[in-house]
Amino acid sequence: MNTFMENALTRKPLRLVRKQAHCSDETSRYTAVPIFDTETPVKPTPTTTAQQPSHRGGGGSGDGAPLRHMSLLDLVFFGIGTTIGSGVFVLAGVVAHNYAGPSASISYLIAGCVAALSGLPYAELSAAFPLDGSTYSYAYITLGEVFAVMASLCQTLEYGGASAAVARSWGSKFVDWVHEGRDQSNNPLPSGLEKFLQPGYGINPMGAIIALLCTLLLLLGVKESKMTTNVVSAAKVSLIVFMIVAGFLLASGVFPNSENNPASFSNLSPFVPPEFGSSGIIDGSSILFFAFLGFDQICNLSGEAKNPVKDVPRAVVLTLMIDGVVYMLAALALTAMVPYADISTVSAFPRAFGANGVKWAETLTAIGEIVTLPLVVLTGIQSQTRLFFAMSKDKLVPQFLGKLTFSDSRTCCGVGEKKEDTIGNLSANVKFCGTVIVILACFVPFQYIESLISAGALFLFSLTDICLLMIRYKCPSQSFLGNLSEVDDSASIFSIATVREQLSLGRLLILLNVFPFLSGVCFAFIPIASVKYSLAAVFALLTICVTVYIHRYCPEASSTRFAFEGDGYGIGKPRFRTPLVPFLPALGIFANWFMLANVGWQGIVMLVVYLFLGVVVYGGFCSGRSLTSEYESNDITTNLLPGRSSPTSSVVSSPLQEALLSGGEWEDETNGGRRDLNSDLSEIETSKSIIKFV
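Residues numbered from 1 in each chain as written. Predicted model: local features only at pLDDT ≥ 70, side-chain atom pairs only at ≥ 80, totals over all residues. Heavy atoms only, no water.

(A) Focus on the overall build of the protein chain. Within the protein chain one finds 29 helices and four strands. Residues classed as buried in the protein chain amount to 56% of the 694 residues present. Taking contacts inside the protein chain between residues at least 6 apart in sequence as the whole, the part at least 24 apart equals 81%. Here the protein chain has roughly 28,300 Å² of accessible surface; of this, 64% comes from carbon and sulfur atoms. (Helix = DSSP H or I, 4+ residues; strand = E, 2+ residues; numbered from the N terminus. Buried < 20%, exposed > 50% of the residue type's maximum accessible area, 1.4 Å probe, protein only. Contact = heavy atoms within 4.5 Å. Areas by Shrake-Rupley, 256 points an atom, 1.4 Å probe, with all protein chains shown as cover.)

(B) View of the pattern of salt bridges. Enumeration over the complete set of coordinates arrives at seven salt bridges. The residue Glu-124 makes a salt bridge to Arg-472 at a minimum N-O spacing of 2.9 Å. With Glu-124 in helix α6 (residues 104-128) and Arg-472 in helix α18 (residues 450-472), this residue pair connects regions lying 348 residues apart in the sequence. A relative accessible area of 0% places Glu-124 in the buried class. (Salt bridge = Lys/Arg side-chain N within 4 Å of Asp/Glu carboxyl O.)

(C) Spotlight on the nonpolar core. Counting 137 residues, the largest nonpolar core has Val-88, Phe-129, Phe-289 and Phe-459 as the members making the most contacts within it. Ranked by residues supplied to this core, first place goes to α18 with 14 residues. Counting 28 residues, the second-largest nonpolar core is a separate cluster that includes Leu-189, Val-377, Leu-378 and Cys-442. (Core = buried A, V, L, I, M, F, W, Y, C linked by side-chain atoms within 4.5 Å.)

(D) Summary view of the environment of Trp-593. Within the secondary structure, Trp-593 sits in helix α23 (residues 583-597). When its relative accessible area of 14% is taken as the criterion, Trp-593 is described as buried. Considered as a pair, Trp-593 and Gly-520 are 73 residues apart in the sequence and their alpha carbons are 6.9 Å apart. Leaving out residues up to four positions away in the same chain, Trp-593 has contacts with Phe-459, Ser-462, Asn-513, Pro-516 and Phe-517.

(E) Fine view of a nonpolar patch on the surface. There is a patch of nonpolar side chains on the surface, built from Phe-525, Trp-601, Val-605, Val-609, Phe-612, Leu-613 and Val-616 and spanning about 700 Å² of accessible area. Residue contributions to the nonpolar patch peak at six residues, all from helix α24 (residues 601-621). With respect to the helices, strands and loops of the structure, Trp-601 is situated in helix α24. (Patch = residues over 30% accessible without salt bridge, like charges linked within 9 Å, V, L, I, M, F, W, Y side chains within 5 Å.)

(F) Up close: the packing of aromatic side chains. Applying the stated criterion across every chain yields a total of 24 aromatic pairs. Both rings, one in Tyr-108 and one in Tyr-327, keep their centres 5.0 Å apart while their planes meet at 20 degrees; by these two values the pair is stacked. Residue Tyr-108 is found in helix α6, and its partner Tyr-327 is found in helix α13 (residues 308-337); the two are separated by 219 residues along the sequence. Residue classification places Tyr-108 among the buried positions, given a relative accessible area of 2%. Measuring from centroid to centroid gives 5.5 Å for Phe-289 and Phe-290, while their planes differ by 80 degrees, and the two rings are edge-to-face. Feature note: the residues Tyr-122, Phe-289, Phe-290, Phe-295 and Phe-461 constitute an aromatic cluster, connected by ring pairs. When the ring centre of Phe-523 is taken as origin, the NZ or CZ atom of Lys-532, which lies over that ring, is 5.2 Å away. Positioned over the ring face of Tyr-533 is Lys-532, at 5.1 Å from the centre of the ring. (Phe/Tyr/Trp six-rings, centres within 6.5 Å; stacked < 30°, edge-to-face > 60°. Lys NZ or Arg CZ within 6 Å of the ring centre and 35° of its normal.)

(G) The arrangement of the packing of α6 against α13 in detail. Following both chains from N to C, one finds α6 and α13 inclined at 175 degrees, their axes separated by 10 Å at the closest point. By the angle between their axes, α6 is roughly antiparallel relative to α13. From α6, Ala-104, Ser-105, Tyr-108, Leu-109, Ala-115, Ala-116, Gly-119, Leu-120, Ala-123, Ser-126 and Ala-127 reach across to α13, where they touch Pro-308, Val-309, Val-312, Pro-313, Val-316, Val-317, Leu-320, Tyr-327, Met-328, Ala-331 and Leu-332. Class assignment of the residues belonging to the contact of α6 with α13 gives a composition of 19 nonpolar, three polar and no charged. (Axes fitted to C-alpha atoms, helices over the stretch in contact; angles between N-to-C directions. Parallel < 35°, antiparallel > 145°, perpendicular 65-115°, else oblique. Nonpolar A, V, L, I, M, F, W, Y, C, P; charged D, E, K, R; others polar.)

(H) A look at the environment of Pro-374. Summarising the element assignment, Pro-374 is placed in helix α16 (residues 374-393). With relative accessibility at 9%, the residue Pro-374 sits in the buried group. Along the primary structure Pro-374 and Val-166 are separated by 208 residues, whereas in three dimensions their C-alpha atoms are 7.7 Å apart. Not counting residues within four places of it along the chain, the set of residues in contact with Pro-374 comprises Trp-170, Ile-210 and Cys-214.

(I) Helix α17 (residues 427-443), seen in detail. When the terminal C-alpha atoms of α17 are compared, their 24 Å separation across 17 residues agrees well with the 24 Å that a helix rising 1.5 Å per residue should span. Among the residues making up α17, those that are buried are Ser-427, Asn-429, Val-430, Cys-433, Gly-434, Ile-437, Val-438, Ala-441 and Cys-442. Projected onto a plane normal to the axis of α17, the buried residues spread over an arc of 170 degrees and lie on a single side. (Expected span 1.5 Å × (residues − 1). Arc of directions from axis to C-beta.)

(J) Structural context of unusual backbone geometry. Of the consecutive residues Ser-269 and Pro-270, the connecting peptide bond is found in the cis state with omega at 0 degrees. Inspection of the secondary structure assignment puts Pro-270 in the loop between α11 (222-252) and α12 (277-288). Val-581 connects to Pro-582 through a cis peptide bond whose omega is 10 degrees. One can find Pro-582 in the loop between α22 (529-553) and α23. For Ser-134, which is not glycine, the phi torsion reads 55 degrees and is therefore positive. Residue placement: Ser-134 occurs in the loop between α6 and α7 (135-142). The phi dihedral of Leu-580 falls on the positive side, at around 55 degrees, and the residue is not glycine. Relative to the helices and strands, Leu-580 resides in the loop between α22 and α23. Taking the relative accessible area as the measure of exposure, Leu-580 reaches 63% and is therefore exposed.

(K) Local environment of the packing of α6 against α12. Interaxial distance between α6 and α12 falls to 8 Å at its minimum, and their mutual angle equals 55 degrees. Taken together, α6 and α12 sit at an angle that is classed as oblique. Regarding α6 and α12, the two cross each other, and that crossing is right-handed. In contact with Ala-104, Ile-106, Ser-107, Tyr-108, Ile-110 and Ala-111 of α6, α12 contributes Gly-280, Ile-281, Ile-282, Gly-284, Ser-285 and Leu-288. Within the contact of α6 with α12, the residues separate by chemical class into eight nonpolar, four polar and no charged. (Left-handed = near helix turned anticlockwise from the far one by under 90°.)

(L) Fine view of the confidence of the model for the protein chain. Confidence along the protein chain averages 78 in pLDDT terms, with 74% of residues attaining 70 or more. Predicted confidence for residues 24-59 stays below pLDDT 50, and this span has 89 contacts to residues more than four positions away or in other chains. (pLDDT = per-residue confidence, 0-100.)

(M) Summary view of the environment of Ser-629. Note that Ser-629 resides in helix α25 (residues 627-633). Separated by 235 residues in sequence, Ser-629 and Asp-394 have C-alpha atoms that sit 9.4 Å apart. If we skip the residues at most four places from it in the chain, Ser-629 touches Asn-7, Glu-145 and Gly-624.

(N) Region of the structure containing α12. When the terminal C-alpha atoms of α12 are compared, their 17 Å separation across twelve residues agrees well with the 16 Å that a helix rising 1.5 Å per residue should span. Along α12, the residues that are buried comprise Gly-277, Gly-280, Ile-281, Gly-284, Ser-285 and Leu-288. In an axial view of α12, the angular spread of the buried residues amounts to 145 degrees, which keeps them on one side of the axis. The elements touched by buried residues of α12 are α5 (91-100) and α6.

(O) Region of the structure containing the side chain of Thr-215. Turning to its location among the elements, Thr-215 is positioned in helix α10 (residues 205-220). Contacts of Thr-215, omitting those with residues within four sequence positions, involve Ile-381, Val-430 and Gly-434.

The following block contains the structure:
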């Protein structure tokens, strides 16, 4: 058990982080500096044959990683592709009709602010650790291996599970659209085709087909899938802008409008319908929060961004801003076109245009929804492959998921001059993930696990907020007590000194997560109103107390290599820094756990069982076998730190390396010239008393 706990809480050494960020001089296909220098082209360096594309018949394969190829625009388009979809086409009508009326735009605003509470920590962590994996990697570096495994389980729900769910939803929408068109023309479908589209027993053939097409597109090549993502994302935004502008023009009376057409700005009054009130706005925001899910997938592609330190945080922030503005305007346009009581909860915008007699716009928006929604499936499968790729590098999943393949010289999408494939593709990974998602989309009814996906995403966001606090703060004990060896062990457990000694950062963060969850549980499950509100307020107050305690008494880790004030990457300005820490991450943690408690007991139980089974599998098959465990089990200090060099020596050859080794932590200690490996490689000054606590 002790061995399992040691392996589970082992953090990834920063030397390994630097190598996996493609900045090592050893076994890398990349030049070190151009990753952060936009003026120098990013190109592979001649290294081993296994890492270079082989073009001698049938392409080649090897280890390594896909070459950094994504610009800021590519990342923003990817973020838009993962987020904007059902949030406009479905949820806008549901919330406006059932919860908030015209004030659905305020619900979108609140949901966007809650998403930003976790989005900003994602932006900072992506700049600090520019490698694949998103929360999986952040948790591995700051918390430990078992937390990284739990993060990967939740990410799999958000990426792969949600992709299969969206594929099924698309399949159902496609069938409904075909039936609607046939009904209008009084031309029924042939019986054989009808049986294929709706075979019954929960089978969804069209969902499987669209997931298969997305998988084939990813297998075609990285450039092709990136181009498709950019084009479809641009088309999706253009379609939504058209819907917004057309809706406002109809409501303003610019277009000829008969007396029977409902579009009018008077539909926006009352802005907050009395039957819904302010509680309806809050309930609507809890649903619309999931319209913003997907921005974290941008961080999952940090390993492929040309300039990850600058571009990934910008892409996260820009995606959230674009989503928020688009969603709010779309909600206002929709409720101006049709009275909120008449808005369709299935196909809001097409039905709204149809109610106003604009049939061509109704058809256009219906087709646009069918054409653009599969992009969410495409980006989800791509994100899942990048997560498994990051885990394969750490030997937590089979190694074939990290193998690159290089195609023969060919044209891009059949157009232009033939070029060599220097980026590489994770073909085996794509085939595996695509096959699983196709099967799920075809046979699994997702109404039973939607709450599981929602709960997993909220847990994942809380874990990311914790990672940020871990790299920002140290344990408070030594700040209060000086030398802990001088503390009287016989002192009362209620003494100030004992309490302060026991309040390590790990335990403070446990309390910071437990109190919000208890507040949400009280609010969701206690039937007596006075007791419900009182207990929820008490636990919320305790959360505030823990946050203030961290702010006042936990010293900020500004002297470690994780300092964020300095220009560690040589990019001309400091890295992105989340404002109002620890209050903003703590508020994000509270919001995430509070909403998780309100997902329902079924979702909570399924999440606990799912994570427990995942950790059991990890303990049985992966614990002690990861790459990090191999590093820990060998005496690698002299291998990784030759000559105990200082950060200013010639060994430091890249801006990322300078950032990860900054602060002079590598100088010899007086205790025999050796230091604990964990101190040498991570320097995250947090207490491991969490082991005792658990």
